[in-house]
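Spelled out, the chains give:
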Amino acid sequence: MAREFQRGHKAKISDLTSGTDLYVGVQIAGSGLTFDISCFGLDANEQLSDDRYFIFFNQPKSPEESIQLLGAQAGDTESFRVTLDRIPANIHKLSFTATLDGAGQMSQVGPGYIRIVAGGEEVVKYAFTGSEFTTERAVMLGDFYLKDVWRFAAVGQGFDGGLDALLKNFGGEVAEEEAPAAPPQGAAPSFAPPAQASAPPAFGAPAALQAPQPAPAFGAPAAPAPAPQQQPMHAAPTISAPVVPPAPAPYGQPPQQPQFGQVPGQASPPAAPPYGQQPPAAPPFGQQPPGTQPGMPHGVPQGVPAGGAGLQAALQPYKEAATGQRWTSQNQQLIRVDLTMGGTPVLARQGSMVMYQGKVDFGYKGAGFAGRMVGNATGQEMQLMRCTGRGQVFLAEEGAHLHPIELQGDGICVSAESVLAFDESLQYEVRRIEGHGIPGGALFTMLFQGTGTIVVKTHGVPVVLPVTPTTFADCNAVVAWSSASQVIISSQVRLRRNAYPGHSGETVNLQFRGAPGNFIVVQPYEV
C-alpha cells in the first residue's frame with residue numbers, strides 16, 4: 001500500500017522499497033498552462049556543477065543513464081526512471097521541479113502529485129493543489145537526497161521566476177541560443193535493468209488501462225501506457241557550470257595560469273613581494289603606473305568584485321540561500337526555518353529571531369510550574385518562544401556557530417545552554433549524569449529524541465570525536481554527545497595537587513564509554 005506524504009515528510013528509500021530501479025511520475029495540469037518538468041542532479045553543495053545532470057526535454061538522460069526522462073504515460077504528465085545504485089558519487093541530490101512555460105502562476109494549477117513506483121507498484125505519493133501557492137512560477141516537488149543512504153523528501157516549495165531563475169538558484173548560467181534546439185529524435189531510452197546478481201523489485205512503470213501488450217524485460221506491468229508524446233518544439237535555455245575564481249597563489253609565489261572557465265583577458269592579481277621586502281611604491285600623481293599602457297581609462301575604484309562593479313555585484317555573495325528545505329543555513333552564524341514546510345511549529349530561544357517573512361506568530365512557550373522547578377534546580381531551564389504560521393524565520397544569537405542536526409528516531413544529549421531552536425515534534429527531558437567526588441554527585445543535560453531537527457550552537461568550529469574507553473573531555477567544553485553513550489564524571493581533585501601553584505586547573509572531566517558509532521562534540525571554548 002502506498003504511503004501518503006505531506007509537505008516536509010521524509011523517509012529512507014529502503015523503508016519504502018527494497019528496489020533501487022525506480023519510476024518517478026509527476027502529474028500537474030492547469031487550464032491554459034504549459035509546464036516544463038525537469039530533474040536537477042546536484043552536488044554536495046546543492047549546486048549544478050555538471051550540466052549533464054540537468055535532465056529535461058532537450059537532454060533526456062544522464063551520461064551513464066542513471067536518470068532518464070520517459071515522457072507522459074500511465075496518467076502522469078511526465079515520468080522519469082531513476083537507478084539509484086548507478087548514480088555517480090558526486091551527485092548527492094535529485095531535485096524534481098515543474099516550471100511554467102509561458103504566462104500563468106502556480107496558484108492556477110489543479111490537484112497534482114509526485115509519486116514513486118517500484119516493480120509496478122506505487123510505494124509513496126505526495127499530493128498538492130494550487131491553493132498551496134500564490135504568484136510563484138516554479139515549484140520544487142520532491143527530492144531524492146543522499147544522507148548516509150538515499151532518502152526521499154516531499155518538498156512542495158514554490159519558487160518565484162521560471163526555469164531561468166531556477167537554474168540560477170542551482171548555480172547554473174543561462175545563455176540564449178541563436179535558434180531553437182530541436183527535441184531529441186529516436187527511440188525512448190532502453191528499459192534494461194542494471195547488471196546485478198539478484199535484482200530487488202525491478203523497475204516498472206505503473207499500469208494504465210490500455211489494451212494488453214507484451215511486457216518489457218525490466219518487469220513493468222503487463223499493460224504499459226502508450227509511448228510518450230512528442231514534446232513541442234521550443235527554445236530552451238542552455239546552462240553552463242558557474243565560473244569559479246582561481247584560488248590565490250601561495251604567499252610569495254607568482255599566480256598560476258587562469259583556470260578553466262576564467263573570463264578571457266581578465267588580469268591576474270600581482271604577485272606579493274618576497275617576505276621582508278617592501279611592496280613597490282605608488283607612482284607620483286599624474287604618472288602612469290608601471291606596466292600600464294597609455295590611453296587606458298583611469299578612475300576605476302580599487303577592490304571592485306571579480307563579477308563586476310556595482311551594488312548588485314557587491315551584495316551577490318550575501319544573497320539568501322533558498323534550497324527548498326525546512327532548515328537552511330545562510331552562513332555559519334545564521335539559519336532560516338521555513339514554517340510552511342512540515343506543518344510543525346518551531347520552538348526557539350527567546351530573542352533569537354533576527355528577521356522573518358510572511359505571516360508568522362510568536363508566542364511564549366511556558367514550561368509549567370514543575371518544569372520551572374526542575375530547570376532551576378538542574379540549570380537546564382530554557383526560555384522558549386513558539387513560532388507558528390506560514391513564512392520564514394531567521395535565527396541567530398551573538399554570532400555563535402549554528403549546526404542543524406536532523407534526528408531520525410535517534411537521540412542526542414545537549415546542554416540547554418547550547419540549544420538555539422528545534423522542531424516541536426521532538427521530545428526532550430532533563431537527564432542526570434552520575435558521578436562521585438564533586439558536590440551534589442551529578443551533572444545534568446537535556447536529552448532530545450524523536451523525528452525532527454535541532455539547532456545546536458557552539459563557540460567556534462567544533463570537532464566530532466568517536467567514543468572510546470579512554471575518551472575524556474572537559475565538562476565545560478563538551479557541547480553534545482550521542483544518547484547511547486555512557487557518561488561518568490571523573491574528578492581530578494587532589495588536595496596535594498591543589499595545595500601548590502601551577503596545577504592544571506582541570507578538576508572535573510567527563511569520561512565517555514559506548515559501542516562503536518557513538519560520538520561526542522567538543523567546541524574550542526570553555527563555558
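Everything that follows concerns the structure shown earlier in this document.
What you see is a predicted model; the values in this text were computed from it and never measured.

Here is what the cut-offs are and how they apply
- Residues numbered from 1 in each chain as written.
- Predicted model: local features only at pLDDT ≥ 70, side-chain atom pairs only at ≥ 80, totals over all residues.
- Heavy atoms only, no water.
- Helix = DSSP H or I, 4+ residues; strand = E, 2+ residues; numbered from the N terminus.
- Buried < 20%, exposed > 50% of the residue type's maximum accessible area, 1.4 Å probe, protein only.
- Contact = heavy atoms within 4.5 Å.
- Areas by Shrake-Rupley, 256 points an atom, 1.4 Å probe, with all protein chains shown as cover.
- Salt bridge = Lys/Arg side-chain N within 4 Å of Asp/Glu carboxyl O.
- Core = buried A, V, L, I, M, F, W, Y, C linked by side-chain atoms within 4.5 Å.
- Phe/Tyr/Trp six-rings, centres within 6.5 Å; stacked < 30°, edge-to-face > 60°.

**Describing the overall build of the chain**
Moving on, step 1. Along the backbone of the chain there are five helices and 29 strands.
Moving on, step 2. A burial count over the chain gives 41% of its 527 residues as buried.
Moving on, step 3. When contacts within the chain are restricted to residue pairs at least 6 apart in sequence, those whose partners lie at least 24 apart make up 71%.
Moving on, step 4. Put simply, the chain shows about 28000 Å² of open surface, and 55% of that area lies on carbon and sulfur atoms.

**Some words on the pattern of salt bridges**
Moving on, step 1. Inspection of every chain in the model, using the stated rule, returns 15 salt bridges.
Moving on, step 2. Between D50 and R52 there is a salt bridge whose closest N-O contact spans 2.8 Å.
Moving on, step 3. Judged by its relative accessible area of 17%, D50 falls in the buried class.
Moving on, step 4. Note that E397 and R349 form a salt bridge whose closest N and O atoms lie 3.8 Å from each other. Taken as a pair, E397 in the loop between β19 (384–395) and β20 (401–414) and R349 in strand β17 (residues 346–349) lie far apart in primary sequence, 48 residues in all.
Moving on, step 5. Its relative accessible area of 18% is what places E397 among the buried residues.
Moving on, step 6. Through salt bridges that share partners, K10, K147 and E406 make up one connected network.

**What to know about the nonpolar core**
Moving on, step 1. The biggest cluster of nonpolar side chains holds 41 residues, and the ones touching the most others in it are I13, I28, L94, F96 and F144.
Moving on, step 2. Setting aside residues up to four positions removed in sequence, I28 forms contacts with F35, I37, T77, A98, M106, V109 and F128.
Moving on, step 3. Counting 17 residues, the second largest nonpolar core, distinct from the first, contains I412, V414, F422 and V521.

**Quick notes on the packing of aromatic side chains**
Moving on, step 1. A complete count under the given rule lists 15 aromatic pairs for this structure.
Moving on, step 2. Centre to centre, the rings of F96 and F144 are 5.7 Å apart; their planes meet at 70°, and the pair counts as edge-to-face. Separated by 48 residues along the polypeptide, F96 in strand β8 (residues 93–100) and F144 in strand β11 (residues 138–147) bring together distant segments of the chain.
Moving on, step 3. Since its relative accessible area comes to 0%, F96 is described here as buried.
Moving on, step 4. Note on W481 and F512: the rings are 5.5 Å apart at their centroids and 65° apart in plane angle, and the pair reads as edge-to-face. Taken together, the residues span a long stretch of sequence, with W481 in strand β26 (residues 478–482) and F512 in strand β28 (residues 508–513) at a distance of 31 residues. Accessibility classification places W481 together with F512 in one group, the buried group.
Moving on, step 5. One aromatic cluster is present, formed by F5, F80, F96, F144 and F152 through successive ring pairs.

The values are spatial; any link to function lies outside them.
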